[in-house]
Amino acid sequence: MPLKILSVVGARPNFMKIAAISEAIREYNASSRTAVIEHVLVHTGQHYDANMSDMFFNDLELPSPNLFLGVGSGSHSVQTARIMEGFEKVLLAENPDIVIVVGDVNSTVACALVTKKTYCTGETGRDFIPKLVHVEAGLRSFDRTMPEEVNRVVTDALSDLLFTTEESANQNLKREGVPAEKIHFVGNVMIDTLLRYRLKAQESTILKDLQLYENGEPKPYAILTLHRPANVDNRETLSKMLDAFLDVSRNIPLVFPAHPRTLKQIQEADLGDYFVDHFMDGPEPWDSRVRIRLVPPLGYLDFLHLLSLAKVALTDSGGIQEETTILGVPCITLRENTERPVTLTHGTNVLVGSDCKKIIEEFSRITNGERAILDPPQFWDGNAAKRIIKTLMREQIPDNEISVSARTEVGLGNTVQHP
Ligand code: UD1
């Protein structure tokens, strides 16, 4: 009997994480004599625009979702409720052994709740509740005004197996009373995907498209991403931050792939004068206009290429703090806190909040300074998804049927001690 794993994607940061897991399942099946894992991919449709979703399926060679719930946008409650309604029907039809949710978006918590409240029916007619697996568990900003923090806490409390990316997450979960045997420190699946696609991303033409080449060399530029409600939903906060970005763009062009939420706020708050729209107003020589270059949200490979050659990244994204840590690109995080402290201790990340003075100071410190070369965080080595699949298979099979090599092959780094 194959093990049936159902995994969930919903919003942009989920796609690169599930891509690594999907690839590890494919490899696992290819290396065993019979296909032992049946993988069902469900897309909730939380993100639905071509450039927030479809492009990622192409870039990351993700199989088309087996099921699409098409929930779209809405308030948090409406969006979460719609996902729950749709996902319950999926579970009752599919009866998976395991449900994998990743990260901290509304799709994550909605599907976690449904999984632990639904009785599925097994082959023999026996009722069971699927195992819930959370990948990227235990991260905490300790700021419960962040919707993602609420999603993380609830999902972790419900999960049967919790896969972590950094030591702080292990400590957080233990402090919250999660038994050690449920916690598995495996590394970072998003970094698996980054390492897998890093070379391919170099074929991207994005620098040429944005006229960022001069005499065959990339020009210096910085990259900006901004979408958190705390930064973009209030006109005063947003316009103050834009003043700081404008200031730094006098020294170095700022490329801004704008999230749809941010674009909507810019339009509603009538803040368009800060920007030059590269595709609408351009092409213009970079130096002739001191403004922030607005571009649409980019696909994975284009963004990875642009990010890897940037002098600095200014961001409020969680994922970019981790990606810059591996790429060695200095990262100025436009938040007061981070749930990913390893990016501060082992990476390039600094926190500045929405304080304009700090943004400008930090930017000038970085652009005038040397880059530090640091060792990557533990297990951010491209093998996290393999460790997850090995662990899931080991949990399914009685211990004495597993060979020693299966345990040690990919260096299982669980907090649980394996012989
Ligand atoms: C969500 C996640 C956030 C993640 C981010 C990455 C939650 C609570 N938040 O935030 O953790 O960092 O995705 O992008 O799940 N919109 C579109 N087209 C789309 C998607 C969204 O136009 O394809 C617009 C809609 O107006 C929507 C708004 O963006 O109302 C916000 O989308 P939503 O998915 O609710 O949250 P994000 O801000 O994207």
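For the structure, check the block above.
Residues numbered from 1 in each chain as written. Predicted model: local features only at pLDDT ≥ 70, side-chain atom pairs only at ≥ 80, totals over all residues. Heavy atoms only, no water.

Pairing in this open sheet of seven strands is parallel, and the strands run S3-S2-S1-S4-S7-S8-S9 from one edge to the other. Of all the strands in the sheet, just strand S3 (67–68) and strand S9 (183–185) have a single pairing partner and so form its edges. Bridging between strand S4 (residues 98–102) and strand S7 (residues 131–135) involves five bridges; their strand directions are parallel. Pairing of Val 99 across the sheet is with Leu 132, part of S7. Sheet strands touched by helix H3 (residues 76–94): strand S1 (3–9), strand S2 (37–43), S3 and S4. Its angle to S1, the strand with the most contacts, is close to 165 degrees. Contacts from helix H6 (residues 167–175) reach strand S8 (161–164) and S9, with the element oriented near 170 degrees to S9. (Pairing = 2+ DSSP bridges. Helix = DSSP H or I, 4+ residues; strand = E, 2+ residues; numbered from the N terminus. Contact = heavy atoms within 4.5 Å. Axes fitted to C-alpha atoms, helices over the stretch in contact; angles between N-to-C directions.)

In the vicinity of the ligand there are 22 residues, among which Gln 46, His 47, Asn 106, Glu 148 and Arg 261 approach most closely. Between an oxygen atom of the ligand and a side-chain N or O atom of His 227, the distance comes to 2.9 Å. Take Lys 264: an N or O atom from its side chain is 3.2 Å from an oxygen atom of the ligand. Contact with the protein chains hides 89% of the accessible area of the ligand, taken as 740 Å² for the molecule alone. Taken together, the elements giving at least two residues each to the shell around the ligand come down to helix H1 (12–31), H3, helix H5 (147–158) and helix H11 (260–268). Of all the elements, H11 adds the most residues to the shell around the ligand, at three residues. Class assignment for the residues of the shell around the ligand results in six nonpolar, nine polar and seven charged. (Near = heavy atom within 4 Å. Polar contact = N/O pair within 3.5 Å; in protein donor to acceptor, adjacent residues only side chain to side chain. Areas by Shrake-Rupley, 256 points an atom, 1.4 Å probe, with all protein chains shown as cover. Nonpolar A, V, L, I, M, F, W, Y, C, P; charged D, E, K, R; others polar.)

The full count for this structure, using the stated rule, is six aromatic pairs. For the pair Phe 256 and Phe 275, a centre-to-centre distance of 5.8 Å together with 25 degrees between the ring planes defines the contact as stacked. With Phe 256 in strand S13 (residues 254–257) and Phe 275 in strand S14 (residues 275–277), the pair connects residues that are 19 residues apart, well separated along the chain. In this structure, Phe 256 and Phe 275 share a single accessibility class: buried. One aromatic cluster is present, built from ring pairs that chain together Phe 15, Phe 56 and Phe 57. (Phe/Tyr/Trp six-rings, centres within 6.5 Å; stacked < 30°, edge-to-face > 60°. Buried < 20%, exposed > 50% of the residue type's maximum accessible area, 1.4 Å probe, protein only.)

Our next topic: the pattern of salt bridges. In the structure shown here, the tally under the stated rule is 22 salt bridges. When the shortest N-O distance is used, the salt bridge between Arg 26 and Glu 23 registers 2.9 Å. Linking Arg 26 with Glu 23, this pair stays in helix H1, spanning three residues, or about one helical turn. A salt bridge links Asp 160 to Lys 116; the nearest nitrogen and oxygen atoms lie 2.8 Å apart. Of this pair, Asp 160 sits in the loop between H5 and S8 while Lys 116 sits in the loop between helix H4 (106–115) and strand S5 (120–121); the two residues are 44 residues apart in sequence, bridging distant segments of the chain. (Salt bridge = Lys/Arg side-chain N within 4 Å of Asp/Glu carboxyl O.)

Here we come to the environment of Arg 387. Here Arg 387 lies in helix H17 (residues 384–396). Overall, Arg 387 belongs to the buried group, its relative accessible area being 3%. Remark: the alpha-carbon pair of Arg 387 and Phe 163, spanning 224 residues in sequence, is separated by 9.5 Å. Of note is the side chain of Arg 387, whose polar atom sits 2.9 Å from the backbone oxygen of Val 186.

For the rest of this paragraph, the subject is the nonpolar core. Of all hydrophobic cores here, the largest spans 61 residues; its most connected members are Ile 21, Ile 100, Val 135, Tyr 300, Leu 306, Ile 389 and Leu 392. Here this core gets nine residues from one element, more than from any other, and that element is H1. The contacts of Tyr 300, once residues within four sequence positions are left out, are Met 16, Phe 56, Asp 59, Leu 60, Met 190, Thr 193, Leu 194, Tyr 197 and Glu 323. If you look at the next biggest cluster of nonpolar residues, it comprises 30 residues, including Leu 246, Val 248, Phe 256 and Leu 271. (Core = buried A, V, L, I, M, F, W, Y, C linked by side-chain atoms within 4.5 Å.)

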